[in-house]
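Examining the three-dimensional arrangement
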Amino acid sequence: MTATKHTDIFGYRRMWAVLPKWVQAYTLFVGMPAWVMFAFLIFSGRVFDNETLTMLVFGVFGSAAVIQTFFVAKATWRGEL
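Okay, so let's go over this structure.

Criteria and thresholds
- Residues numbered from 1 in each chain as written.
- Predicted model: local features only at pLDDT ≥ 70, side-chain atom pairs only at ≥ 80, totals over all residues.
- Heavy atoms only, no water.
- Phe/Tyr/Trp six-rings, centres within 6.5 Å; stacked < 30°, edge-to-face > 60°.
- Helix = DSSP H or I, 4+ residues; strand = E, 2+ residues; numbered from the N terminus.
- Buried < 20%, exposed > 50% of the residue type's maximum accessible area, 1.4 Å probe, protein only.
- Expected span 1.5 Å × (residues − 1).
- Axes fitted to C-alpha atoms, helices over the stretch in contact; angles between N-to-C directions.
- Left-handed = near helix turned anticlockwise from the far one by under 90°.
- Contact = heavy atoms within 4.5 Å.
- Nonpolar A, V, L, I, M, F, W, Y, C, P; charged D, E, K, R; others polar.
- Polar contact = N/O pair within 3.5 Å; in protein donor to acceptor, adjacent residues only side chain to side chain.

1. Looking at the packing of aromatic side chains
The tally for this structure, following the rule as stated, stands at 3 aromatic pairs. Seen in terms of ring centroids, F38 and F58 are 5.3 Å apart; in terms of plane orientation they differ by 45°. Their pairing is tilted. Of this pair, F38 sits in helix α2 (residues 21-44) while F58 is found in helix α3 (residues 51-78), placing the two residues 20 residues apart along the sequence. With a relative accessible area of 18%, F38 lands in the buried category. Pairing F70 with F71 gives two aromatic rings, centres 5.1 Å apart and planes at 80°, and the pair type is edge-to-face. Through successive ring pairs, a cluster of aromatic residues spans W22, F70 and F71.

Given below as structure tokens:
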């Protein structure tokens with residue numbers, strides 16, 4: 001019997017695997033809650049009422065995205081992806 005191979009159409013598993021554990025933890029425990037808070041501010045209509053909070057959570061979420069982009073680009077440059 002053959003094993004079922006799951007398709008990774010967008011390469012997310014490979015990109016997630018090249019990230020260091022601290023980047024994965026930062027994304028899950030800091031970046032994702034910041035994204036949820038930012039989305040809440042947008043959909044509740046409070047995005048312009050709390051400008052400092054909006055910019056803070058956007059910056060935290062953006063920092064997670066920049067860190068991930070750096071490590072994925074480094075892995076791509078090295079031919080690991």
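2. Considering α3
The end-to-end C-alpha distance of α3 is 40 Å, a good match for the 40 Å that 28 residues give at a rise of 1.5 Å each. Directly after α3, the chain includes G79, whose backbone phi takes a positive value near 85°.

3. Details of the packing of α2 against α3
Two elements in contact, α2 and α3, have axes separated by 8 Å at closest approach and are oriented at 145°. The two elements α2 and α3 cross, and the hand of that crossing is left-handed. Judged by residue contacts, W22, V23, Y26, T27, V30, G31, A34, W35, M37, F38 and L41 of α2 engage L53, T54, V57, F58, V60, F61, S63, A64, I67, Q68 and F71 from α3. Looking at the contact of α2 with α3, its residues break down into 17 nonpolar, 5 polar and no charged.

4. A look at the environment of V30
The residue V30 is located in helix α2 in this model. Excluding residues within four positions of it along the chain, V30 makes contact with A25 and V60.

5. Focus on the side chain of T27
If you trace the backbone, T27 turns up in helix α2. From its side chain, T27 meets the backbone oxygen of V23 in a polar contact 2.8 Å long. Not counting chain neighbours up to four residues away, the residues in contact with T27 comprise W16, M32 and Q68.

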